[in-house]
Amino acid sequence: MAIIVCPKCAKKHNVNVDQFKEKRPSLKMIAARCKSCNHRFPVKIDQLINQENKKNKAPAKKKSEARKICVTLSKGGVGKTTTSVNLSSGLALAGYKVLLVDTDTQGQSSYILGKKPRAGLTELLTKELTPEECIVRARKNLWLLSGGKSLAGVKRIIDRKSFGAEWTLSEALKDVDDRYDFVIIDTAPGWDQLIVNVLFYATEVLVPVALEVMPLQGLSEFMKSLGSIQKYRKEIALKYIVPTFLDTRVKGPEAIYSQLTKLYSEYMCTPIRYSESLSEAPSYGKSIFEFAPGSTGSADYRELVRKVTSDMDALF
Ligand SMILES: Nc1ncnc2c1ncn2[C@@H]1O[C@H](COP(=O)(O)OP(=O)(O)OP(=O)(O)O)[C@@H](O)[C@H]1O
Ligand SMILES: [Mg+2]
(Lines give C-alpha, C1' and ligand atoms only; values in the text may rest on other atoms or scores of the structure.)
(Ligands and ions follow the chains in the order given, each with its own letter.)
Protein backbone atom coordinates (compact mmCIF):
# COMPACT_ATOMS: atom_id res chain seq x y z
CA MET A 1 0.00 0.00 0.00
CA ALA A 2 1.13 3.54 -0.76
CA ILE A 3 -0.47 6.87 0.06
CA ILE A 4 -1.48 9.52 -2.46
CA VAL A 5 -2.13 13.01 -1.08
CA CYS A 6 -4.49 15.22 -3.04
CA PRO A 7 -2.59 18.43 -3.95
CA LYS A 8 -5.79 20.45 -3.70
CA CYS A 9 -7.55 19.33 -0.50
CA ALA A 10 -4.66 17.40 1.16
CA LYS A 11 -6.87 14.35 1.69
CA LYS A 12 -4.85 11.12 1.94
CA HIS A 13 -5.83 8.05 -0.07
CA ASN A 14 -4.52 4.50 0.20
CA VAL A 15 -3.51 2.92 -3.10
CA ASN A 16 -2.74 -0.70 -3.81
CA VAL A 17 0.52 -0.44 -5.79
CA ASP A 18 0.50 -4.13 -6.80
CA GLN A 19 -2.32 -3.52 -9.25
CA PHE A 20 0.04 -1.33 -11.32
CA LYS A 21 3.21 -3.38 -10.78
CA GLU A 22 1.71 -6.71 -11.82
CA LYS A 23 -1.10 -5.88 -14.24
CA ARG A 24 0.38 -2.92 -16.08
CA PRO A 25 4.19 -2.97 -15.57
CA SER A 26 4.81 -0.57 -18.47
CA LEU A 27 2.59 2.15 -17.00
CA LYS A 28 4.61 5.23 -15.87
CA MET A 29 1.89 7.67 -14.89
CA ILE A 30 -1.74 7.52 -13.79
CA ALA A 31 -4.43 10.15 -13.62
CA ALA A 32 -5.77 10.08 -10.08
CA ARG A 33 -9.07 11.56 -8.94
CA CYS A 34 -9.60 12.69 -5.38
CA LYS A 35 -12.69 11.00 -3.97
CA SER A 36 -13.20 13.89 -1.61
CA CYS A 37 -12.95 17.02 -3.83
CA ASN A 38 -13.01 15.40 -7.26
CA HIS A 39 -9.74 17.07 -8.25
CA ARG A 40 -7.83 15.20 -11.00
CA PHE A 41 -4.03 15.13 -10.89
CA PRO A 42 -1.13 13.05 -12.32
CA VAL A 43 0.81 10.57 -10.13
CA LYS A 44 4.12 8.86 -11.05
CA ILE A 45 3.99 5.08 -10.54
CA ASP A 46 7.72 4.98 -9.61
CA GLN A 47 7.10 7.31 -6.67
CA LEU A 48 4.40 5.00 -5.34
CA ILE A 49 6.66 1.94 -5.70
CA ASN A 50 9.55 3.73 -3.92
CA GLN A 51 7.26 4.76 -1.12
CA GLU A 52 6.12 1.17 -0.63
CA ASN A 53 9.68 -0.21 -0.78
CA LYS A 54 10.82 2.21 1.93
CA LYS A 55 7.91 1.21 4.14
CA ASN A 56 8.61 -2.50 3.72
CA LYS A 57 12.33 -2.22 4.42
CA ALA A 58 13.28 -3.90 7.72
CA PRO A 59 14.27 -1.34 10.35
CA ALA A 60 18.04 -0.84 10.43
CA LYS A 61 19.60 -3.39 12.76
CA LYS A 62 21.19 -1.73 15.77
CA LYS A 63 24.93 -1.98 15.43
CA SER A 64 26.26 -4.23 18.13
CA GLU A 65 28.16 -2.56 20.95
CA ALA A 66 31.91 -2.03 20.67
CA ARG A 67 34.06 -4.56 22.48
CA LYS A 68 36.01 -2.67 25.11
CA ILE A 69 39.33 -4.31 25.85
CA CYS A 70 41.84 -2.79 28.25
CA VAL A 71 45.48 -3.80 28.12
CA THR A 72 46.77 -3.56 31.62
CA LEU A 73 49.13 -4.78 34.34
CA SER A 74 50.59 -2.73 37.17
CA LYS A 75 54.10 -3.89 36.32
CA GLY A 76 56.00 -1.60 33.92
CA GLY A 77 57.66 -2.52 30.63
CA VAL A 78 55.75 -5.76 30.00
CA GLY A 79 54.56 -4.85 26.48
CA LYS A 80 51.24 -3.11 27.24
CA THR A 81 51.75 -0.30 24.74
CA THR A 82 53.34 -2.53 22.10
CA THR A 83 50.38 -4.89 22.41
CA SER A 84 47.74 -2.13 22.43
CA VAL A 85 49.15 -0.49 19.30
CA ASN A 86 49.78 -3.67 17.32
CA LEU A 87 46.54 -5.35 18.32
CA SER A 88 44.64 -2.19 17.32
CA SER A 89 46.56 -1.93 14.03
CA GLY A 90 45.95 -5.61 13.26
CA LEU A 91 42.23 -5.36 14.01
CA ALA A 92 42.04 -2.29 11.75
CA LEU A 93 43.85 -4.16 8.95
CA ALA A 94 41.40 -7.04 9.39
CA GLY A 95 38.60 -4.58 8.60
CA TYR A 96 37.32 -3.68 12.06
CA LYS A 97 36.79 -0.08 13.13
CA VAL A 98 39.04 0.53 16.11
CA LEU A 99 39.48 3.32 18.63
CA LEU A 100 42.78 3.18 20.52
CA VAL A 101 42.62 5.09 23.79
CA ASP A 102 45.93 5.93 25.44
CA THR A 103 45.44 6.60 29.15
CA ASP A 104 49.16 6.88 29.92
CA THR A 105 50.96 10.16 30.65
CA GLN A 106 53.90 8.80 28.60
CA GLY A 107 51.70 9.22 25.50
CA GLN A 108 53.61 6.61 23.51
CA SER A 109 50.77 5.31 21.35
CA SER A 110 50.69 8.40 19.17
CA TYR A 111 54.50 8.34 18.87
CA ILE A 112 54.44 4.70 17.76
CA LEU A 113 51.80 5.49 15.15
CA GLY A 114 53.78 8.53 13.97
CA LYS A 115 51.11 11.04 15.01
CA LYS A 116 51.33 14.29 16.94
CA PRO A 117 47.72 15.08 17.81
CA ARG A 118 47.10 18.55 19.22
CA ALA A 119 44.37 17.23 21.49
CA GLY A 120 43.41 13.90 23.00
CA LEU A 121 41.93 12.20 26.04
CA THR A 122 42.64 15.15 28.35
CA GLU A 123 40.51 17.56 26.34
CA LEU A 124 37.75 14.95 26.07
CA LEU A 125 37.71 14.30 29.82
CA THR A 126 37.76 18.00 30.68
CA LYS A 127 35.12 18.64 27.99
CA GLU A 128 37.26 21.44 26.54
CA LEU A 129 36.79 20.01 23.05
CA THR A 130 34.28 17.80 21.28
CA PRO A 131 35.07 14.11 20.63
CA GLU A 132 35.48 14.94 16.93
CA GLU A 133 38.21 17.44 17.84
CA CYS A 134 39.98 15.03 20.20
CA ILE A 135 39.96 11.82 18.15
CA VAL A 136 42.40 11.66 15.24
CA ARG A 137 42.41 9.18 12.38
CA ALA A 138 45.72 7.33 12.56
CA ARG A 139 45.22 4.79 9.76
CA LYS A 140 42.40 3.34 7.69
CA ASN A 141 39.89 1.96 10.27
CA LEU A 142 42.07 3.11 13.18
CA TRP A 143 41.38 6.17 15.33
CA LEU A 144 43.39 7.45 18.25
CA LEU A 145 42.54 9.25 21.45
CA SER A 146 46.01 10.14 22.57
CA GLY A 147 47.45 10.30 26.07
CA GLY A 148 50.31 12.44 27.32
CA LYS A 149 51.60 14.61 30.15
CA SER A 150 48.42 16.65 30.43
CA LEU A 151 46.59 13.59 31.79
CA ALA A 152 48.34 14.21 35.13
CA GLY A 153 46.12 17.27 35.62
CA VAL A 154 43.04 15.24 34.74
CA LYS A 155 43.90 12.70 37.42
CA ARG A 156 43.86 15.52 39.98
CA ILE A 157 40.43 16.63 38.72
CA ILE A 158 39.12 13.05 39.01
CA ASP A 159 40.61 12.73 42.52
CA ARG A 160 38.78 15.87 43.65
CA LYS A 161 35.36 14.66 42.48
CA SER A 162 33.16 14.02 45.50
CA PHE A 163 31.16 11.22 43.85
CA GLY A 164 31.07 9.17 40.67
CA ALA A 165 34.79 9.71 40.04
CA GLU A 166 35.26 6.17 38.73
CA TRP A 167 32.76 6.76 35.89
CA THR A 168 34.50 9.83 34.41
CA LEU A 169 35.99 7.94 31.45
CA SER A 170 32.79 5.97 30.79
CA GLU A 171 30.77 9.19 30.67
CA ALA A 172 33.25 10.77 28.27
CA LEU A 173 33.17 7.81 25.87
CA LYS A 174 29.52 6.82 26.06
CA ASP A 175 28.40 8.80 23.00
CA VAL A 176 31.49 7.91 21.00
CA ASP A 177 32.22 4.21 21.33
CA ASP A 178 29.27 2.83 19.35
CA ARG A 179 30.96 4.08 16.18
CA TYR A 180 33.63 1.39 16.59
CA ASP A 181 33.85 -2.39 16.65
CA PHE A 182 36.66 -2.32 19.20
CA VAL A 183 37.87 0.16 21.78
CA ILE A 184 41.37 -0.82 22.92
CA ILE A 185 42.66 0.98 26.01
CA ASP A 186 46.33 1.16 26.88
CA THR A 187 47.09 1.87 30.53
CA ALA A 188 50.02 3.21 32.48
CA PRO A 189 51.99 1.04 34.89
CA GLY A 190 51.00 1.27 38.57
CA TRP A 191 47.54 1.73 40.01
CA ASP A 192 45.70 5.02 40.13
CA GLN A 193 42.33 6.66 39.65
CA LEU A 194 42.64 6.60 35.86
CA ILE A 195 43.21 2.85 35.81
CA VAL A 196 40.21 2.39 38.10
CA ASN A 197 38.26 4.46 35.56
CA VAL A 198 39.46 2.18 32.76
CA LEU A 199 38.31 -0.89 34.70
CA PHE A 200 34.89 0.71 35.22
CA TYR A 201 34.65 1.32 31.46
CA ALA A 202 36.12 -1.77 29.78
CA THR A 203 34.46 -5.18 29.83
CA GLU A 204 37.44 -7.33 28.86
CA VAL A 205 40.92 -7.36 30.33
CA LEU A 206 44.01 -8.37 28.39
CA VAL A 207 47.11 -8.80 30.52
CA PRO A 208 50.54 -8.93 28.89
CA VAL A 209 52.92 -10.92 31.06
CA ALA A 210 56.63 -10.59 30.36
CA LEU A 211 58.29 -14.00 30.53
CA GLU A 212 61.26 -12.49 32.29
CA VAL A 213 61.59 -12.04 36.02
CA MET A 214 58.94 -13.07 38.54
CA PRO A 215 55.87 -12.40 36.41
CA LEU A 216 53.58 -14.57 38.54
CA GLN A 217 53.76 -12.33 41.58
CA GLY A 218 52.81 -9.25 39.56
CA LEU A 219 49.95 -11.14 37.96
CA SER A 220 48.48 -12.46 41.21
CA GLU A 221 48.67 -8.97 42.76
CA PHE A 222 46.86 -7.58 39.75
CA MET A 223 44.20 -10.30 40.00
CA LYS A 224 43.53 -9.19 43.59
CA SER A 225 43.10 -5.57 42.49
CA LEU A 226 40.81 -6.67 39.66
CA GLY A 227 38.78 -8.69 42.16
CA SER A 228 38.27 -5.59 44.27
CA ILE A 229 36.86 -3.76 41.24
CA GLN A 230 34.66 -6.73 40.26
CA LYS A 231 32.82 -6.42 43.58
CA TYR A 232 31.38 -3.16 42.26
CA ARG A 233 31.43 -3.86 38.55
CA LYS A 234 30.42 -7.33 37.47
CA GLU A 235 30.85 -6.69 33.72
CA ILE A 236 34.64 -6.59 33.82
CA ALA A 237 36.43 -9.91 33.35
CA LEU A 238 39.88 -11.22 32.61
CA LYS A 239 39.77 -12.57 29.04
CA TYR A 240 43.32 -12.89 27.75
CA ILE A 241 46.80 -13.43 29.15
CA VAL A 242 49.41 -12.67 26.52
CA PRO A 243 52.91 -13.87 27.38
CA THR A 244 55.46 -11.43 25.96
CA PHE A 245 59.24 -11.35 25.45
CA LEU A 246 59.42 -15.10 24.86
CA ASP A 247 63.07 -15.89 24.21
CA THR A 248 63.19 -19.42 22.84
CA ARG A 249 67.00 -19.59 23.06
CA VAL A 250 66.98 -19.88 26.85
CA LYS A 251 65.16 -22.24 29.21
CA GLY A 252 63.81 -19.76 31.83
CA PRO A 253 60.96 -18.18 29.84
CA GLU A 254 59.69 -21.58 28.63
CA ALA A 255 59.47 -22.75 32.26
CA ILE A 256 57.56 -19.62 33.30
CA TYR A 257 55.27 -20.06 30.32
CA SER A 258 54.34 -23.62 31.24
CA GLN A 259 53.78 -22.54 34.87
CA LEU A 260 51.44 -19.77 33.65
CA THR A 261 49.61 -22.21 31.40
CA LYS A 262 48.98 -24.53 34.34
CA LEU A 263 47.52 -21.72 36.44
CA TYR A 264 45.60 -19.74 33.83
CA SER A 265 45.04 -22.14 30.92
CA GLU A 266 41.62 -20.75 29.91
CA TYR A 267 43.02 -17.24 29.32
CA MET A 268 46.31 -18.12 27.66
CA CYS A 269 47.17 -16.78 24.22
CA THR A 270 50.04 -17.74 21.95
CA PRO A 271 53.17 -15.96 23.26
CA ILE A 272 54.71 -12.93 21.58
CA ARG A 273 58.33 -13.84 20.95
CA TYR A 274 61.21 -11.50 21.65
CA SER A 275 61.70 -9.61 18.39
CA GLU A 276 64.17 -6.86 17.47
CA SER A 277 61.64 -5.53 14.96
CA LEU A 278 59.10 -4.93 17.71
CA SER A 279 61.53 -2.71 19.60
CA GLU A 280 62.66 -0.89 16.42
CA ALA A 281 59.25 -0.21 14.81
CA PRO A 282 58.22 2.63 17.22
CA SER A 283 61.10 4.90 16.21
CA TYR A 284 59.85 4.72 12.62
CA GLY A 285 56.30 5.59 13.66
CA LYS A 286 55.06 2.28 12.34
CA SER A 287 53.13 -0.72 13.55
CA ILE A 288 54.85 -4.10 13.25
CA PHE A 289 52.65 -4.93 10.24
CA GLU A 290 53.97 -1.87 8.39
CA PHE A 291 57.56 -2.02 9.63
CA ALA A 292 58.32 -5.73 9.33
CA PRO A 293 55.37 -7.67 7.96
CA GLY A 294 57.44 -10.84 7.59
CA SER A 295 58.86 -10.78 11.13
CA THR A 296 58.02 -13.12 14.01
CA GLY A 297 56.57 -10.09 15.84
CA SER A 298 54.13 -9.55 13.00
CA ALA A 299 53.21 -13.27 12.91
CA ASP A 300 52.62 -13.32 16.68
CA TYR A 301 50.41 -10.22 16.73
CA ARG A 302 48.49 -11.60 13.73
CA GLU A 303 47.82 -14.68 15.85
CA LEU A 304 46.56 -12.46 18.68
CA VAL A 305 44.17 -10.68 16.28
CA ARG A 306 42.80 -14.09 15.29
CA LYS A 307 42.36 -15.12 18.91
CA VAL A 308 40.56 -11.88 19.86
CA THR A 309 38.27 -11.92 16.82
CA SER A 310 37.82 -15.73 16.87
CA ASP A 311 38.44 -15.47 13.13
CA MET A 312 41.17 -17.92 12.20
CA ASP A 313 41.39 -16.45 8.69
CA ALA A 314 41.90 -12.84 9.82
CA LEU A 315 44.95 -11.15 8.25
CA PHE A 316 45.92 -14.02 5.97
N1 LIG B 1 58.22 -8.84 22.06
C2 LIG B 1 59.11 -7.85 22.17
N3 LIG B 1 60.38 -8.03 21.73
C4 LIG B 1 61.29 -7.04 21.84
N5 LIG B 1 61.03 -5.84 22.36
C6 LIG B 1 59.79 -5.58 22.80
C7 LIG B 1 58.77 -6.57 22.73
N8 LIG B 1 57.62 -6.04 23.24
C9 LIG B 1 57.94 -4.78 23.62
N10 LIG B 1 59.23 -4.50 23.37
C11 LIG B 1 59.95 -3.28 23.71
O12 LIG B 1 60.06 -3.25 25.12
C13 LIG B 1 59.87 -1.96 25.65
C14 LIG B 1 58.70 -1.96 26.65
O15 LIG B 1 57.51 -2.29 25.94
P16 LIG B 1 56.19 -1.44 26.14
O17 LIG B 1 56.48 0.02 26.08
O18 LIG B 1 55.19 -1.97 25.20
O19 LIG B 1 55.82 -1.86 27.62
P20 LIG B 1 54.73 -1.18 28.58
O21 LIG B 1 54.20 -2.28 29.44
O22 LIG B 1 53.77 -0.39 27.81
O23 LIG B 1 55.65 -0.22 29.43
P24 LIG B 1 55.11 0.86 30.50
O25 LIG B 1 54.68 0.08 31.69
O26 LIG B 1 56.28 1.75 30.76
O27 LIG B 1 53.96 1.58 29.84
C28 LIG B 1 59.66 -1.07 24.46
O29 LIG B 1 60.87 -0.47 24.11
C30 LIG B 1 59.20 -2.01 23.35
O31 LIG B 1 59.56 -1.55 22.06
MG1 LIG C 1 53.17 1.61 28.01
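Residues numbered from 1 in each chain as written. Chains lettered and ligands numbered in written order. Predicted model: local features only at pLDDT ≥ 70, side-chain atom pairs only at ≥ 80, totals over all residues.

(A) Spotlight on the overall build of the protein chain. Helices and strands together make up the secondary structure of the protein chain, namely 14 helices and 11 strands. In terms of C-alpha radius of gyration, the protein chain reaches 27 Å, well past the compact-globule figure of 20 Å for 316 residues. For the protein chain, the C-alpha atoms occupy an extent of roughly 90 × 50 × 40 Å along the three principal directions. For the protein chain, the residues scored as buried account for 38% of the 316 residues in total. Restricting the contact set of the protein chain to residue pairs at least 6 apart, pairs at least 24 apart contribute 72%. (Helix = DSSP H or I, 4+ residues; strand = E, 2+ residues; numbered from the N terminus. Rg over C-alpha atoms; globule rule 2.2 N^0.38 Å. Buried ≥ 20, exposed ≤ 12 C-beta atoms within 10 Å, placed from the backbone. Contact = placed C-beta atoms within 7 Å.)

(B) Looking closely at the packing of helix 7 (residues 151–160) against helix 9 (residues 193–201). Put simply, helix 7 and helix 9 touch, their axes get as near as 9 Å, and they point 75° apart. One finds that helix 7 runs roughly perpendicular with respect to helix 9. Facing Leu151, Lys155, Ile158 and Asp159 of helix 7, the residues of helix 9 in contact are Gln193, Leu194 and Asn197. Residue composition of the contact of helix 7 with helix 9, grouped by class: 3 nonpolar, 2 polar and 2 charged. (Axes fitted to C-alpha atoms, helices over the stretch in contact; angles between N-to-C directions. Parallel < 35°, antiparallel > 145°, perpendicular 65-115°, else oblique. Nonpolar A, V, L, I, M, F, W, Y, C, P; charged D, E, K, R; others polar.)

(C) Examining the pairing of strand 6 (residues 98–102) more closely. Most of strand 6 sits inside the fold, with 5 of its 5 residues counted as buried. Burial of strand 6 is two-sided: the residues Val98, Leu100 and Asp102 facing one way and the residues Leu99 and Val101 facing the other way are all buried. With 4 bridges connecting them, strand 6 and strand 8 (residues 142–145) associate as parallel partners. Each residue of the ladder has a partner; that of valine 101, found in strand 8, is leucine 145. For strand 6 and strand 9 (residues 182–186), the ladder comprises 5 bridges, and the chain directions are parallel. Bridging from a neighbouring strand, valine 98 pairs with phenylalanine 182 of strand 9. (Pairing = 2+ DSSP bridges.)

(D) Main features of the domain arrangement of the protein chain. Here the domain parsing of the protein chain yields domain 1 (2–56) and domain 2 (67–309). Just the C-alpha atoms count here: the centres of domain 1 and domain 2 sit 58 Å apart. (Domains from an automatic or database assignment.)

(E) Up close: the sheet that holds strand 6. One open sheet holds the 7 strands; their spatial order is 7-8-6-9-5-10-11, and the pairing between them is mixed. Whereas interior strands pair on both sides, the edge strands pair on one side only; in this sheet they are strand 7 (136–139) and strand 11 (237–244). Strand-to-strand twist across the sheet, computed as the mean angle between neighbouring axes with direction ignored, equals 25°. When strand 7 meets strand 8, the two strands line up antiparallel, connected through 3 bridges. Its bridge partner being in strand 8, valine 136 is matched across the sheet by leucine 144. Lying over the sheet, helix 10 (residues 215–230) contacts strand 10 (204–210) and strand 11, oriented at roughly 160° with respect to strand 10.

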